[in-house]
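Breakdown of the fold
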Amino acid sequence: MSPFILATLVSALALGTAITLSSSHWLIAWVGLELNTLAILPLMARQPHPRAVEATTKYFLIQAAAAATLLFAATTNAWLSGQWEIHQMNHSVPTAIATLALAMKIGLAPTHFWLPEVLQGLDLTTGLILSTWQKLAPFALLLQMPNHNPTLLIILGLSSTLVGGWGGLNQTQLRKILAYSSIAHLGWMILILQFSPSLAFLTLIMYFAMTFSTFIVFKINKSTNINSLAISWAKTPALTAIAPLVLLSLGGLPPLSGFMPKWLILQELTKQGLALTATITALSALLSLYFYLRLSYALALTTPPNTPMGLSPWRLHTAQNTLPLAISTTATLALLPLTPLVTALFVP
């Protein structure tokens, strides 16, 4: 792909998200979401491989269906109330339909089935964009919508945390594991959305930092399955030493940064009288922690059996700029002591 076309597509991707973030009208927000979807499709299909074409087709069909459902919800709200403003969606039926449409767009359970298959068909760079940037615009619309149905959000959140934990247990492909990780983390955000939108936004930022670090580590090591992690020590020993900590932070293990949003969410759920929901969510985090521990074990504690040094990969300097990885890894590992400051900034 030529640099000019790539720059155009990335600019359109950023523009679509910016339009949705800055709009208060459902039609303008819908146009931003469509521009976002159409801009990423050529990026997904740039590799001439049947898996990439299949993933692009699945993604297009799902996003088109979700966008049509969202437009139907906005039109129904305008018919019932005469309002096209996002903040004026007060009727319960259009609100529930719009919530389900946005849940399908970001891959929340039970509308999650497309996400692992699509992510498995993409390269790690495009998968990173799909797991982070593409979640931003739909999540912003969820944050702006008033009068969410509490029961619907709790069902979506609990099912996503459980599915994200169960689904990743038997996987060996790293991209599918990261897809189920995304589903589980989004479940945590949806659970707390109605009680503390600022805490949900904080969780989203922490998820972006941790996922960015994980994808870039796998990209530098050229790892796509668990078996290929075992030889990453020969390529990048320092990065391989840090990678298990990044994965355990994704699992929410203290004293790493990933523990902070989970801790604050469980505390807020308990304050709201949802002790059973908080307990189930905390137990579902153990399922996710199990497959993160599997990856950490593959990275840190295994070596190829009887591998002669002459067959080990050459330890060459990577041409990739590692400054963003250094910044995101620092945020992934070392923000827990700043919890009081972060709480003062994000949680009212």
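Residues numbered from 1 in each chain as written. Predicted model: local features only at pLDDT ≥ 70, side-chain atom pairs only at ≥ 80, totals over all residues. Heavy atoms only, no water.

**Description of the overall build of the protein chain**
Our working definition: Secondary structure elements follow DSSP: runs of H or I of four or more residues count as helices, runs of E of two or more count as strands, with numbering from the N terminus. Here the radius of gyration uses the C-alpha set of atoms, whereas the globule reference equals 2.2 Å times the residue count to the power 0.38. Pairs of residues are marked as contacts when any of their non-hydrogen atoms sit within 4.5 Å. The accessible surface values rely on the Shrake-Rupley method and a 1.4 Å probe; as for residues, cover is taken only from the protein chains in view. Charged residues are defined narrowly, with Lys and Arg counted positive, Asp and Glu counted negative, and His plus the chain ends left uncounted. Taken as the charge centre is NZ of Lys, CZ of Arg, CG of Asp or CD of Glu, depending on the residue.
Per the secondary structure count, the protein chain includes 17 helices and zero strands. Taken over the C-alpha trace, the protein chain has a radius of gyration of 20 Å; the compact-globule value for 348 residues is 20 Å, and the two agree within 12%. By its C-alpha atoms, the protein chain is 75 × 50 × 35 Å across when sized along the principal axes. Sequence-distant contacts, at least 24 apart, represent 79% of the contacts inside the protein chain between residues at least 6 apart. With the model as given, the accessible surface of the protein chain reaches about 15300 Å², and the carbon-plus-sulfur share is 71%. Side chains of the protein chain give 14 positive and 6 negative charges; the mean places of these two sets differ by 15 Å.

**Let's talk about helix α1 (residues 3-22)**
Note the following rule: To estimate how far a helix should reach, multiply one less than its number of residues by 1.5 Å. Only protein chains enter the area calculation, which uses a 1.4 Å probe; residues under 20% of their type maximum are buried, those over 50% are exposed, and those in between are partly exposed. Along the arc lie the directions from the helix axis toward the C-beta atoms.
An ideal rise of 1.5 Å per residue puts 28 Å on 20 residues; α1 measures up with 28 Å between its terminal C-alpha atoms. Every buried residue of α1 is listed here: L9, A12, L13, G16, T17 and T20. All buried residues of α1 lie within an arc of 125° about the axis, which places them on one face of the element. Opposite its buried face, α1 presents the exposed residues P3, F4 and S22, each directed more than 90 degrees away. Elements that come into contact with the buried residues of α1 comprise α2 (26-44), α6 (124-131) and α7 (133-144).

**Some points on unusual backbone geometry**
The omega torsion of the bond from A109 to P110 falls at 5°, within 30 degrees of zero and hence cis. The residue P110 is located in the loop between α4 (92-106) and α5 (114-120) in this model. In this model, P254 is joined to P255 through a cis peptide bond whose omega is 10°. Structurally, P255 can be placed in the loop between α13 (237-250) and α14 (259-271). Of note in the backbone geometry, N147 takes a positive phi value of approximately 55° without being a glycine. Of note in this structure, K222 is not a glycine but carries a positive phi near 55°.

**As for the packing of α7 against helix α10 (residues 197-221)**
Stated formally: Helix axes use the C-alpha atoms of the stretch in contact, all axes being lines fitted to C-alpha atoms, and the angles between their N-to-C directions lie in the range 0 to 180 degrees. Small angles under 35 degrees read as roughly parallel and large ones over 145 as roughly antiparallel, with 65 to 115 read as roughly perpendicular and the rest as oblique. Side-chain classes follow a simple rule in which Ala, Val, Leu, Ile, Met, Phe, Trp, Tyr, Cys and Pro form the nonpolar group, Asp, Glu, Lys and Arg form the charged group, and the remainder, Gly included, forms the polar group.
Running from N to C, α7 and α10 point in directions that differ by 170°, and their axes come no closer than 11 Å. Looking at the two axes, α7 sits roughly antiparallel to α10. Facing L136, F139 and L143 of α7, the residues of α10 in contact are P197, A200, F201, L204 and F208. Its residues assigned to classes, the contact of α7 with α10 shows eight nonpolar, no polar and no charged.

**Quick notes on the UniProt feature "domain: NADH:quinone oxidoreductase/Mrp antiporter transmembrane" (unreviewed entry) in the protein chain**
Our working definition: UniProt positions are given in the numbering used here, feature names are shortened, and annotations may be inferred rather than shown by experiment.
Sequence positions flagged by UniProt for "domain: NADH:quinone oxidoreductase/Mrp antiporter transmembrane" (unreviewed entry) are, in local numbering, residues 23-287. Within residues 23-287, the helical portion is 77% and the strand portion 0%, while the C-alpha atoms at the span's ends are 38 Å from each other.

**A word on the side chain of S23**
Cut-off, in case you're wondering: Pairs of N or O atoms within 3.5 Å make up the polar contacts considered here, provided that, within protein, one atom can donate a hydrogen while the other can accept it, and that residues adjacent in sequence are counted only when both atoms are side-chain atoms.
Inspection of the secondary structure assignment puts S23 in the loop between α1 and α2. Engagement of the side chain of S23 in a polar contact is seen with the backbone oxygen of T20, the distance being 3.1 Å.

**Some thoughts on the packing of aromatic side chains**
Centre distance and the angle of the planes are the two values used to describe a pair of aromatic rings. This is how it is decided: Classification of ring pairs uses Phe, Tyr and Trp, with its six-membered ring standing for Trp, and accepts pairs whose centres are within 6.5 Å; under 30 degrees between planes counts as stacked, over 60 as edge-to-face, and the remaining range as tilted. In this analysis the charged atom, NZ for Lys or CZ for Arg, is taken to sit over a ring once it is within 6 Å of the ring centre and within 35 degrees of the ring normal.
Counted according to the given criterion, the structure contains four aromatic pairs. Consider the rings of F259 and W263, whose centres lie 5.7 Å apart with planes at 15°: the pair is stacked. Taken as a pair, F259 and W263 lie in helix α14 at a separation of four residues, close to a single helical turn. Geometry around W188 places K262 over its ring, the cationic atom sitting 5.2 Å from the centre.

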